[in-house]
Amino acid sequence: GSPVTAMIWPHDQPIVLGLADGKVRAANVKSNKSSTIYNADSYVVSLASNVSGKGFVSGHADGTIVRYFFDDEGSGDTQGKCVTHSCPPYALSWAGPTVIAAGCDKRIYAYSRDGRVLQQFDFSRDDDEKEFTVAVCNPSGQSVVVGSFNRLRLLNWSPRKGLWEEGKSKDL
């Protein structure tokens, strides 16, 4: 076995475990068994499920972001590696139609369904900003909070513009 480095429990699904060896496993609580879903061959730094809980993304130390569906709900989106991020995406969220990823380079990226960069929020020149370590979206997927050492940054989805807009940040 390999150490568990990330974990999520999507609604009506098994617990999803990310391991140091790059494997992503499904743990069934009822049967007390686990099985490998896929192996990305790179340390799992983050996991995030989509709003419905029918899919998730994993972030890896080599920057790879992998998308997996229990059920693609007719979206036709592909599974597997969807993008290579600029650094390990410790802060990862699947919010609405986009995947938000951020890490040690102090940049937040929003990726479209096909893995293109939709937007970039660049804080790399801000000496006050620290590396991003965690991200979470609200239950509707309309807002995402990205956290660093002493600050929370809020992004709100604008359906009219089809873009993320920066909200007020919160210093801790």
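The rules behind each value
- Residues numbered from 1 in each chain as written.
- Predicted model: local features only at pLDDT ≥ 70, side-chain atom pairs only at ≥ 80, totals over all residues.
- Heavy atoms only, no water.
- Helix = DSSP H or I, 4+ residues; strand = E, 2+ residues; numbered from the N terminus.
- Rg over C-alpha atoms; globule rule 2.2 N^0.38 Å.
- Buried < 20%, exposed > 50% of the residue type's maximum accessible area, 1.4 Å probe, protein only.
- Pairing = 2+ DSSP bridges.
- Axes fitted to C-alpha atoms, helices over the stretch in contact; angles between N-to-C directions.
- Salt bridge = Lys/Arg side-chain N within 4 Å of Asp/Glu carboxyl O.
- Disulfide = S-S within 2.5 Å.
- Polar contact = N/O pair within 3.5 Å; in protein donor to acceptor, adjacent residues only side chain to side chain.
- Contact = heavy atoms within 4.5 Å.

1. A closer look at the overall build of the chain
Here is step 1: Of regular secondary structure, the chain possesses zero helices and 17 strands.
Here is step 2: In terms of C-alpha radius of gyration, the chain reaches 16 Å, essentially the compact-globule figure of 16 Å for 172 residues.
Here is step 3: Along the three orthogonal principal directions, the C-alpha set of the chain runs to about 45 × 35 × 25 Å.
Here is step 4: Burial analysis of the chain (172 residues in total) assigns 45% to the buried set.

2. Remarks on the sheet that holds strand 12 (residues 117-122)
Whenever strands of a sheet pair, they do so through backbone hydrogen bonds, lying parallel or antiparallel.
Here is step 1: Spatially, the four strands line up as an open sheet ordered 9-10-11-12, and their pairing is antiparallel. Of all the strands in the sheet, just strand 9 (91-95) and strand 12 have a single pairing partner and so form its edges. With direction set aside, neighbouring strand axes in the sheet form an average angle of 15 degrees.

3. So, the pattern of salt bridges
Here is step 1: Following the criterion strictly, the structure yields 11 salt bridges and no others.
Here is step 2: Close ionic contact of D21 with K23 constitutes a salt bridge, the shortest N to O distance being 3.4 Å.
Here is step 3: Residue classification places K23 among the partly exposed positions, given a relative accessible area of 28%.
Here is step 4: When the shortest N-O distance is used, the salt bridge between R107 and D122 registers 3.2 Å. Here R107 is found in strand 11 (residues 107-111), whereas its partner D122 is found in strand 12, with 15 residues between them in sequence.

4. Re the sheet that holds strand 7 (residues 64-69)
Here is step 1: Taken together, the four strands give an open sheet; going across it, the order is 5-6-7-8, and neighbouring strands pair in antiparallel fashion. With one partner strand each, in any of the chains shown, strand 5 (44-49) and strand 8 (80-84) form the two edges of the open sheet. Ignoring strand direction, the axes of neighbouring strands in this sheet form an average angle of 25 degrees.
Here is step 2: When strand 7 meets strand 8, the two strands line up antiparallel, connected through four bridges. Among the inter-strand pairings, V66 is bridged to a residue of strand 8, identified as K81.

5. Quick word on the state of the cysteines
In protein structure, a disulfide is the covalent linkage between the sulfur atoms of two cysteines.
Here is step 1: Enumeration according to the criterion identifies zero disulfides in this entry.
Here is step 2: For C137, which is in no disulfide, the shortest distance to another cysteine sulfur is to C82 and amounts to 15 Å.

6. Considerations on the side chain of S46
Here is step 1: Mapped onto the secondary structure, S46 falls in strand 5.
Here is step 2: Looking at S46, the relative accessible area reads 5%, which means it is buried.
Here is step 3: Looking at S46, its side chain comes within polar contact range of the main-chain oxygen of P89, at 2.5 Å.
Here is step 4: In this view, S46 contacts A6, V57, S58, G59, P89, Y90 and L92; residues no more than four positions away in its chain are not counted.

7. Quick notes on the pairing of strand 4 (residues 33-39)
Where a strand is regular, its side chains alternate between the two sheet faces.
Here is step 1: Summarising the sheet, strand 3 (residues 23-28) and strand 4 pair through six bridges and their orientation is antiparallel. Pairing of A27 across the sheet is with S34, part of strand 4.
Here is step 2: Between strand 3 and strand 4, which pair antiparallel and follow one another directly, the connecting turn spans four residues, one of which, N32, has a positive phi of 60 degrees.

8. Topic: unusual backbone geometry
Negative phi characterises most residues that are not glycine, and trans characterises most peptide bonds.
Here is step 1: Positive phi is not limited to glycine here, since D41 has a value of about 55 degrees.
Here is step 2: With a relative accessible area of 63%, D41 lands in the exposed category.
Here is step 3: Positive phi outside glycine occurs at K106, with the angle close to 60 degrees.
Here is step 4: Its place among the elements puts K106 in the loop between strand 10 (98-102) and strand 11.
Here is step 5: The exposure class of K106 is buried, given its relative accessible area of 19%.

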